[in-house]
Amino acid sequence: MSTWSEPQPDSRFVVVDSLRIHYKRAGRGPALVLLHGSASSLQHFDRAADLLSESFDVIRPDLPGFGLTGPRKDRDYRIPTYAATVARFLEALAVPRYAVGGNSLGGNIAWNLALDHPERLTGLALVNATGYPEKELPAGMRLARTPLLRPLLRRVMPRGAIERNLRSAVGPRSTIVDDAMVDRAHQLMSRPGNRSAFVDFCNTDQPDRSAQIPGIAVPTLVLRSANIDGQHFTRDIPGARELVHPDGGHLLPEEEPQWVADAITKFLGSAADAPTN
């Protein structure tokens, strides 16, 4: 049985903002940063990263509060704080320019990076991203905001609950939720501090920056599943291109890695070829 709560042979670490950030890096070409969603980890992109590393220098961190990076001492899980930490993480790796792709929470952090550091970004890929205030919370996050359950969830996160959340997050035809995937999520959530970090994250009042989204000037690709609340990125970001997967779920990079990797590769290739003003 894989032990996901320990570093793998290709694990790397760098200290940023008093955090020992766990990341993986593979491939050659322009830099592409991949940001996972909440209650997830960099393994979310394993298959997509393998495909993308044929064309890009693919860098994927475990975001603070998740995976082997673990909790922040200051318990600051606001999205702009995440974006600032990711920017400093890439500074620490001496990567000055990069494209960013993010799923769900990772997409939210990615567009915040595009607002705060437009000079660094070469492209933006938002995969079932979040960030508009009307967004309905997933069941697991709603539970973590229940005052009576919060202390309990800091101590234990049942494997069955994690499995139910994963199954509800994939499309109706998906078969990717297996014992290995549930084990991985459960082991990583059970690492010291990660359950409490998840509860803290779920109970963080996030600033609403959605009114600034039309100010994003980075070439943007919006990837979403047809049955997922698409939010308004395609409408609000000037020149954004959208591709819709007919039957994917929320975890599109894991469900359809080839589709996601092909879309990102083609888009970033065309963005690089586009004339600059």
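Since this is a predicted model, take the numbers as computed values, not measurements.

A.B. asks: Any chance you could explain the overall build of the protein chain here in plain terms?
C.D. replies: When you go through the protein chain residue by residue, the secondary structure sums to 11 helices and 8 strands. Overall, the protein chain is about 55 × 35 × 35 Å in size when its C-alpha atoms are taken along their principal axes. Counting every position in the protein chain, which comprises 277 residues, the buried fraction comes to 55%. By sequence separation, contacts in the protein chain at least 24 residues apart represent 71% of the contacts at least 6 residues apart. Summed over all atoms, the accessible surface of the protein chain reaches about 12,600 Å², with 52% contributed by carbon and sulfur. When the 32 positive and 31 negative side-chain charges of the protein chain are each reduced to one mean point, those points stand 4 Å apart.

A.B. asks: I would appreciate a short explanation of the environment of Gly37 in the present structure.
C.D. replies: If you trace the backbone, Gly37 turns up in the loop between strand E3 (31-35) and helix H1 (46-52). Sequence separation of Gly37 and Gly107 is 70 residues, and the distance between their C-alpha atoms is 7.7 Å. Setting aside residues no more than four positions away along its own chain, Gly37 makes contact with Asn103, Ser104, Leu105 and Gly106.

Rules of the game
Residues numbered from 1 in each chain as written. Predicted model: local features only at pLDDT ≥ 70, side-chain atom pairs only at ≥ 80, totals over all residues. Heavy atoms only, no water. Helix = DSSP H or I, 4+ residues; strand = E, 2+ residues; numbered from the N terminus. Buried < 20%, exposed > 50% of the residue type's maximum accessible area, 1.4 Å probe, protein only. Contact = heavy atoms within 4.5 Å. Areas by Shrake-Rupley, 256 points an atom, 1.4 Å probe, with all protein chains shown as cover. Lys, Arg positive; Asp, Glu negative; His and termini not counted. Charge placed at Lys NZ, Arg CZ, Asp CG, Glu CD.

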